[in-house]
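Read off the chains here:
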Amino acid sequence: DSALETLAPAQGEAKQYLQRAVELLGRTSQGMRAAIHTLRIPGGKPADLAMAISNSAGRLLRNTDVAFELHVNGPAYPPSHLEHEHIIRIADEAITNAIKHASATKIVVTLSRRASEVIVEVADNGCGFDPSVSKEGHYGLRGMQERAELINARVQLRSQPGKGTTVLLMLPIDERRSELRKG
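Residues numbered from 1 in each chain as written. Predicted model: local features only at pLDDT ≥ 70, side-chain atom pairs only at ≥ 80, totals over all residues. Heavy atoms only, no water.

Bringing the overall build of the protein into the picture now. On a plain count of helices and strands, the protein comes out with six helices and five strands. Counting the 183 residues in the protein, one finds 33% classified as buried. In the protein, the proportion of contacts linking residues at least 24 apart, taken out of those at least 6 apart, comes to 68%. Total accessible area on the protein is roughly 11,700 Å²; 53% of this is exposed by carbon and sulfur atoms. (Helix = DSSP H or I, 4+ residues; strand = E, 2+ residues; numbered from the N terminus. Buried < 20%, exposed > 50% of the residue type's maximum accessible area, 1.4 Å probe, protein only. Contact = heavy atoms within 4.5 Å. Areas by Shrake-Rupley, 256 points an atom, 1.4 Å probe, with all protein chains shown as cover.)

Printed below as a string of structure tokens:
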């Protein structure tokens, strides 16, 4: 702002460019803050995973006509804070993709606990796509894979045009860590 004040009226064109740059910088700064905020989950003890996914899906699906179902199979798994954060963000990304890109009318999330792993499945009835074709400038799928790697999990994608999409997150369970977290 001080640079704008020092420009003389005769330098009107330069002043306009500088004003525009200041406006763009302000918007960019706000956008970066919002992006950073979405990458973080408030501190504290992770909430029940099913409840956290349901709450997050509710926020994402607000103002849409997309139906949502959540199914839980097996006992709850107490994730570490890091696991909780990345599981929620991966589910969020899958739900967001179903809303923004797939024109889905229904999204079903299923949490399953097996002997050696926790599986989070996000399935939609949207338009589907060919996973072998990558789109320039779209990083959601890669981001899900990177988040999964950070918690020693895997992401599997199933989709085909006209058939919807299913994102599977498979997190191995270390029973010793799981028992420690319960206490």
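This brings us to the side chain of Glu117. Following the sequence through the fold, Glu117 ends up in strand S3 (residues 117–124). A relative accessible area of 17% places Glu117 in the buried class. Here Glu117 is in contact with Ser112, Arg154, Met170, Leu171, Pro172 and Ile173, once residues within four sequence places are set aside.

A separate point is the pattern of salt bridges. Between side chains of opposite charge, a pair can form when the charged atoms approach closely. Taken as a whole and assessed by the stated rule, the structure comprises four salt bridges. When the shortest N-O distance is used, the salt bridge between Glu146 and Arg142 registers 3.3 Å. Here Glu146 and its partner Arg142 are both found in helix H5 (residues 140–150), four residues apart, which amounts to about one turn of the helix. Judged by relative accessible area, which is 40%, Glu146 ranks as partly exposed. (Salt bridge = Lys/Arg side-chain N within 4 Å of Asp/Glu carboxyl O.)

Pairing within the open sheet is mixed, and its five strands lie in the order S1-S2-S3-S5-S4. Two strands in the sheet have a free side with no partner beyond their single neighbour: strand S1 (67–73) and strand S4 (154–159). On average, each strand axis in the sheet is inclined to that of its neighbour by 10 degrees, with strand direction left out of account. Across eight bridges, S3 lies against strand S5 (residues 165–172) in antiparallel orientation. Looking at the pairing, Asp124 lines up with Thr165 of S5. Sheet contacts for H5: S4 and S5; angle to S4, the most-contacted strand, approximately 150 degrees. (Pairing = 2+ DSSP bridges. Axes fitted to C-alpha atoms, helices over the stretch in contact; angles between N-to-C directions.)

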